[in-house]
Amino acid sequence: MTTLTVPTEPPLAARSPVRPGLLLAAVFLVLLAVATVAPGLLAHGSPDTASALDILRPPGSAHLLGTDQNGRDLYTRVVYGTRGSVLTGLAATALALAAGTLLGTLGALGGRVADMAVMRLVDILLAVPGMVMALLVITVAGAGTVNSVVAIAVIGVPGYARLIRGQILVVRRSAYVEAAVALGTRPARIAVRHVVPNALPPVLLFATIGTGAAIGAEAALSFLGLGPRPPAPQWGAMLQQGQEYFSVAWWTAVVPGVALTLTVLSVTVTGQYLQRRFEGRWAR
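These numbers were taken from a predicted model, which means no experiment stands behind them.

## Things to note about a nonpolar patch on the surface
Argument step 1. A cluster of nonpolar residues, Phe246, Trp250, Val254, Val258, Leu262 and Leu265, forms a patch on the protein surface that exposes about 530 Å² of accessible area.
Argument step 2. Here leucine 265 is to be found in helix α10 (residues 251-283).

This is the structure we're talking about:
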């Protein structure tokens, strides 16, 4: 006699495995959000308070992550430095996304001549290494937070332009767009109501990863002394200053370096998960 076995539904843990890396990234991003909005909840005191008696103190009970060459508490400076790094990265990503969307849409919907002009401009921007382009912008416009945002945004514009152009070309061939054309809907209305809104979601998901890259670029500019002026707490500037004392006080460089690394990793891991989670929806 043959025995029939009825397969049982796999447990929830088997169907939805826990991702420790993603969970840790999400927790860290929550801490970043708190540090950006209300740093006083995580660190008490001023990040600029110096003490001649506490110069280069190692991590301990009095100073959790030690002090820098001016006797300032590193934990407090890292927490307060989160706002500048995160907001600069978000602003640069938003600006690059907006400019890239305009260029990509113009290329995809503006006709053959416009498409060729936009793509040649994108090719030129991509031919120049990103940091070289950012340094060129800073050299012309000058150092500072606003100019850093513009310089970092210029790096990201060609990537977003190419991506949105490709998505628009795919959406234009979809059935609902062809139906709207058959019904006599004006091209401008089709573009605004159907094509561009349906092409944007994958680009927005990609922008989450781009935010991590923008935060890293902001730290690189600050490391070179092209960001906000001292004594503003900036991770890149703290890393640059800390390397001078690394042989006698390793924590002055390691602490801001770890904060920057964890931030970029957390944003990137979360962005990659969101892309994998939703990419199938946009493909249909």
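## Some details on the packing of aromatic side chains
Argument step 1. Scanning the model with the defined rule gives 2 aromatic pairs in all.
Argument step 2. Consider the rings of tyrosine 160 and phenylalanine 206, whose centres lie 5.8 Å apart with planes at 75°: the pair is edge-to-face. Residue tyrosine 160 is located in helix α6 (residues 145-172), and its partner phenylalanine 206 is located in helix α8 (residues 187-223); the two are separated by 46 residues in the primary sequence.
Argument step 3. Classification of tyrosine 160 as buried rests on a relative accessible area of 5%.
Argument step 4. Between tryptophan 250 and tryptophan 251, the ring centres sit 5.7 Å apart and the planes meet at 80°, which makes this aromatic pair edge-to-face.
Argument step 5. Residue tryptophan 250 is classed as partly exposed on the basis of its relative accessible area, which comes to 44%.
Argument step 6. Note on tryptophan 251: relative accessible area 6%, which makes it buried.

## Describing the side chain of threonine 88
Argument step 1. Looking at the element boundaries, threonine 88 is found in helix α3 (residues 74-109).
Argument step 2. Within the structure, threonine 88 has its side chain in polar contact with the backbone oxygen of glycine 84 (distance 2.6 Å).
Argument step 3. If we ignore the near neighbours within four places in the chain, the residues touching threonine 88 are Arg83, Thr145, Val149, Ile152 and Glu218.

## Section: the nonpolar core
Argument step 1. Within the largest apolar cluster, 17 residues are counted, with the highest numbers of intra-cluster contacts made by Tyr160, Ile168 and Val195.
Argument step 2. Listed by contribution, the elements that provide at least two residues to this core are α3, α6, α7 (175-182) and α8.
Argument step 3. Apart from residues lying up to four places away in sequence, tyrosine 160 is in contact with Thr93, Ala96, Leu97, Gly100, Val203, Phe206, Ala207 and Gly210.

## A closer look at the pattern of salt bridges
Argument step 1. With the rule as written, the count across this model stands at 7 salt bridges.
Argument step 2. Here aspartate 48 makes a salt bridge to arginine 77, at a shortest N to O gap of 3.4 Å. Residue aspartate 48 is located in the loop between α2 (20-37) and α3, and its partner arginine 77 is located in helix α3; the two are separated by 29 residues in the primary sequence.
Argument step 3. Where aspartate 54 meets arginine 57, a salt bridge forms, and the shortest distance between an N and an O atom there is 3.5 Å.
Argument step 4. Because the salt bridges share partners, they merge into one network encompassing Asp48, Asp68, Arg72 and Arg77.

## Points about the side chain of threonine 93
Argument step 1. Mapped onto the fold, threonine 93 is located in helix α3.
Argument step 2. Classification of threonine 93 as buried rests on a relative accessible area of 8%.
Argument step 3. Once residues within four sequence positions are removed from consideration, threonine 93 is found in contact with Tyr160, Ala207, Gly210, Thr211 and Ala214.

Rules used in this analysis
- Residues numbered from 1 in each chain as written.
- Predicted model: local features only at pLDDT ≥ 70, side-chain atom pairs only at ≥ 80, totals over all residues.
- Heavy atoms only, no water.
- Patch = residues over 30% accessible without salt bridge, like charges linked within 9 Å, V, L, I, M, F, W, Y side chains within 5 Å.
- Areas by Shrake-Rupley, 256 points an atom, 1.4 Å probe, with all protein chains shown as cover.
- Salt bridge = Lys/Arg side-chain N within 4 Å of Asp/Glu carboxyl O.
- Helix = DSSP H or I, 4+ residues; strand = E, 2+ residues; numbered from the N terminus.
- Phe/Tyr/Trp six-rings, centres within 6.5 Å; stacked < 30°, edge-to-face > 60°.
- Buried < 20%, exposed > 50% of the residue type's maximum accessible area, 1.4 Å probe, protein only.
- Polar contact = N/O pair within 3.5 Å; in protein donor to acceptor, adjacent residues only side chain to side chain.
- Contact = heavy atoms within 4.5 Å.
- Core = buried A, V, L, I, M, F, W, Y, C linked by side-chain atoms within 4.5 Å.

Purely spatial values, then, with no claim about function.
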